[in-house]
Amino acid sequence: MWRKSSYSPDGNNCVEIGAGIGVRDSKAPAAHIPVSARAWEAFLDSAKGDRFRN
């Protein structure tokens, strides 16, 4: 099951994530980048922290 980003202004130009599947562009749904659950968790931990804030 794929979920679209809530930050997409029109619902068409966004990133989608699939639990246990990966990441894809909503404009090219046939292709995706596989991401393991461990890698996704590490990404979320980094994004939630102060690491990327200005």
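Residues numbered from 1 in each chain as written. Predicted model: local features only at pLDDT ≥ 70, side-chain atom pairs only at ≥ 80, totals over all residues. Heavy atoms only, no water.

Colleague: Can you help me understand the sheet that holds strand 4 (residues 33-34) in this one?
Modeller: Sheet strands associate in pairs through backbone hydrogen bonding, adopting either a parallel or an antiparallel arrangement. The strand order across the open sheet built from four strands is 1-2-3-4, with neighbouring strands paired in antiparallel fashion. One side of each edge strand has no neighbouring strand; the edge strands of this open sheet are strand 1 (2-4) and strand 4. Here strand 2 (residues 15-18) runs beside strand 3 (residues 22-25); their pairing, made up of four bridges, is antiparallel. By the bridge assignment, Gly-18 is partnered in strand 3 with Gly-22. (Pairing = 2+ DSSP bridges. Helix = DSSP H or I, 4+ residues; strand = E, 2+ residues; numbered from the N terminus.)

Colleague: Whenever I open this one, the confidence of the model for the chain confuses me. Can you help?
Modeller: Regions with low pLDDT should not have their predicted coordinates read in detail. Chain-level pLDDT for the chain is 79 on average; 81% of the residues reach the 70-or-more range. By mean pLDDT, strand 1 is the weakest element of the chain at 80, and strand 4 is the strongest at 89. (pLDDT = per-residue confidence, 0-100.)

Colleague: What is the right way to read the pairing of strand 3 from this model?
Modeller: Both faces of the sheet carry side chains from a regular strand, because those side chains alternate between them. Here strand 2 folds back onto strand 3, and the loop between the two strands holds three residues, one of which, Gly-20, carries a positive phi near 75°. In this sheet, strand 4 lies alongside strand 3 in antiparallel orientation, the contact comprising two bridges. Bridged to Val-23 within strand 4 is Ile-33.

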